[in-house]
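So you can see what is in the structure, the chains are spelled out below.
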Amino acid sequence: KIEEVKSTTKTERIASHSHVKGLGLNDAGEADPIAAGLIGQEKAREAAGIAVDLIKSKKMAGRAVLFAGAPGTGKTAIALGMAKELGPKVPFVPMVGSEVYSSEVKKVEILMENFRRAIGLRIKENKEVYEGEVIELTPEETENPLGGYGKTVAHVIIGLKTTKGTKQLKLDPSIYEALQKEKVSVGDVIYIEANSGAVKRVGRSDSYATEFDLEAEEYVPLPKGDVHKKKEVVQDVSLHDLDVANARPQGGQDIFSLMNQMSKPRKTEITEKLRSEINKVVSKYIDQGVAELVPGVLFVDEVHMLDLECFTYLNRALESPLSPIVVFATNRGMCTVRGADIVSPHGIPVDLLDRLLIIRTCPYTIEEMAQIIALRAKTEGLEIEAEALVALSSIGDRATLRFAVQLLTPASIIGKTNGRSNIVLADVHEADELFYDAKSSAKLLADNADKYIH
């Protein structure tokens, strides 16, 4: 029986924005009508492209952008397009306005946590590594200083060989324990980190490959270069990772601290003092050139859900020296600011609006809707006839684009039930009759108001 080898590429679940691959801008920064999974919204995409360039040139830390537009006009899609343009190395932290309301932690604490998550730190480390094939491994023992008959390992002598030469090392007994854990024997290729003393067994040297007819070992070639090498390792962490690593109480060896560590970890607040200490250390690293700051993007969807306390806090947080680029999105018009009786545009206080660059998203035309629905059908692997596509885009115009996209899957299931592999006009009409959109449901409620409980 021959089994099919599965591909190693990661399969992702199809989500509502999995067709977005970027902002779809050409070299001149102009938006192509259909590109990278985005359709229409040329002005908004070009503005987002300029914001991306500012982020890349590190000139935009502490600034904020607001995507404002009616529901279903592609605000989240453009923000995700920005994340894709920036690439995987720049931190992109999405959150929703209502996430800040927690019973355990203060609102501003959750905001601050996400702010810190969105600031990356690229740390460059020079590591000294010894690597080679083990040609000698002899532990030297001495009498146990505590008395008794046992002997302890004083040090271990290890010989390493590479293509360039051999070296004999005299190492600490703690490294001997690590060698035993890794089950290292003569003929294995290993590497030892000089700074931390970590030992890693890479595999068996391929000069021993002919020793047995069948073996489950992984054979590796003899390492090239010198035994003693210097490597530069680049590590990406966020400031929040540093906060959490330093906030955990390092308990002692007594029974109470062990019991405390075993009991369930409570979500605790990270104090302002700890954060300022970490900021000092980070600034020192940056001055020494060991680390480089990578301001990322914090994306706050449904920003009108935040209240006055959070907005006041954002004013201060945006002006701090370590601040990411913040992208807000809202679909509200003139409405009251939560936690106050002020009516303000987009439900955001005027003093914060003053600090934002506002990008407007406009409603889609019927032609653009048809293109978006066709793109979604392709992403979901559905075949759709031209007539059905026209019908779905007119439903999108009557109701909303989201509703039209949501009808795709039910229509395909109706088609399959009727023995077809593609979606035809009749399937779309049947799905439309079975499901109500928000507007027609609201109309039904208004017409039959006396039949419902108020």
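Details of the structure are given in the entry above.
Fair warning: this is a prediction, and the values are worked out from it, not measured in the lab.

## Topic: the overall build of the protein chain
- Helices and strands together make up the secondary structure of the protein chain, namely 15 helices and 19 strands.
- Nonlocal contacts in the protein chain, meaning residues at least 24 apart in sequence, comprise 67% of its contacts between residues at least 6 apart.
- Accessible surface for the protein chain amounts to roughly 26800 Å². Of this, 54% is attributable to carbon and sulfur atoms.

## Some points on the sheet that holds strand β13 (residues 297–301)
- What the 5 strands build is an open sheet, ordered β4-β13-β14-β3-β17; its pairing is parallel. At either end of the open sheet lies a strand with only one pairing partner, and these are β4 (92–96) and β17 (356–361). Strand-to-strand twist across the sheet, computed as the mean angle between neighbouring axes with direction ignored, equals 20°.
- Helix α2 (residues 75–86) rests against β3 (64–69), β4, β13, β14 (325–330) and β17 of the sheet, and its axis sits at about 145° to β3.

## Describing a nonpolar patch on the surface
- Where nonpolar side chains cluster on the molecular surface, the patch consists of Tyr 436, Leu 444, Leu 445 and Tyr 452 and spans about 410 Å² of accessible area.
- You can see Tyr 436 is positioned in the loop between α14 (425–434) and α15 (438–447).

## A short note on the pairing of β4
- Across the two faces of β4 the burial differs, with Val 93 and Met 95 buried and Phe 92, Pro 94 and Val 96 not buried at all.
- For β4 and β13, the ladder comprises 5 bridges, and the chain directions are parallel. If you follow Phe 92 over to β13, its bridge partner there is Val 297.

## Let's talk about the layout of surface pockets
- Of the voids in this model, the largest pocket is the one considered here, and its volume is about 630 Å³.
- Lining the largest pocket are 28 residues, with Ser 16, His 17, Gly 72, Leu 401 and Arg 402 positioned closest to its centre.
- The set of elements that each furnish at least two residues to the lining of the largest pocket consists of β2 (38–39), α2, β14, α10 (366–379) and α12 (401–406).
- In terms of residues, the lining of the largest pocket owes the most to one element, α12, which gives 4 residues.
- The class makeup of the residues in the lining of the largest pocket is 10 nonpolar, 12 polar and 6 charged.

## What about the packing of helix α13 (residues 408–417) against α14?
- At a minimum axis distance of 8 Å, the contact between α13 and α14 shows a crossing angle of 120°. On the basis of the axis angle, α13 is oblique to α14. As for how α13 packs across α14, the hand of that crossing is right-handed. Residue-level contacts link Pro 410, Ala 411, Ile 414 and Gly 415 of α13 to Asp 427, Val 428, Glu 430, Ala 431 and Leu 434 of α14.
- Looking at side-chain class alone, the contact of α13 with α14 contains 6 nonpolar, 1 polar and 2 charged residues.

## Overview of the pattern of salt bridges
- This model, assessed by the stated rule, comprises 19 salt bridges.
- Of the charged contacts, one joins Arg 204 and Asp 188 as a salt bridge, the two residues approaching to 2.9 Å between their closest N and O atoms. Of the two residues, Arg 204 sits in strand β9 (residues 199–205) while Asp 188 sits in strand β8 (residues 188–193), which places them 16 residues apart along the sequence. Across the pair, exposure class does not vary: Arg 204 and Asp 188 are buried alike.
- Here Glu 277 and Lys 280 are joined by a salt bridge, their closest N and O atoms 3.6 Å apart. A residue pair is termed a helical-turn pair when its members lie 3 or 4 positions apart in one helix, as Glu 277 and Lys 280 do in helix α7 (residues 272–288) at 3 residues.
- Residue Glu 277 is classed as partly exposed on the basis of its relative accessible area, which comes to 38%.
- Through salt bridges that share partners, Glu 109, Arg 116, Asp 243 and Arg 275 make up one connected network.

## Here we look at the pairing of β8
- Within β8, 5 of the 6 residues are buried, which leaves it mostly tucked inside the rest of the structure.
- Where strand β5 (residues 119–143) meets β8, 5 bridges bridge the pair, whose relative direction is antiparallel. Note on β8: the bridge partner recorded for Glu 131 is Tyr 191.
- Bridge count between β8 and β9: 5 bridges; the pairing is antiparallel. Following the sheet pairing, Asp 188 is matched in β9 by Arg 204.

Calculation criteria
- Residues numbered from 1 in each chain as written.
- Predicted model: local features only at pLDDT ≥ 70, side-chain atom pairs only at ≥ 80, totals over all residues.
- Heavy atoms only, no water.
- Helix = DSSP H or I, 4+ residues; strand = E, 2+ residues; numbered from the N terminus.
- Contact = heavy atoms within 4.5 Å.
- Areas by Shrake-Rupley, 256 points an atom, 1.4 Å probe, with all protein chains shown as cover.
- Pairing = 2+ DSSP bridges.
- Axes fitted to C-alpha atoms, helices over the stretch in contact; angles between N-to-C directions.
- Patch = residues over 30% accessible without salt bridge, like charges linked within 9 Å, V, L, I, M, F, W, Y side chains within 5 Å.
- Salt bridge = Lys/Arg side-chain N within 4 Å of Asp/Glu carboxyl O.
- Buried < 20%, exposed > 50% of the residue type's maximum accessible area, 1.4 Å probe, protein only.
- 1 Å grid on protein atoms, 1.4 Å probe; cavity = no way out; pocket = protein on both sides within 12 Å on 5 of 7 lines; lining within 4 Å.
- Points joined across faces, edges and corners; volume = space filled by probe spheres on them.
- Nonpolar A, V, L, I, M, F, W, Y, C, P; charged D, E, K, R; others polar.
- Parallel < 35°, antiparallel > 145°, perpendicular 65-115°, else oblique.
- Left-handed = near helix turned anticlockwise from the far one by under 90°.

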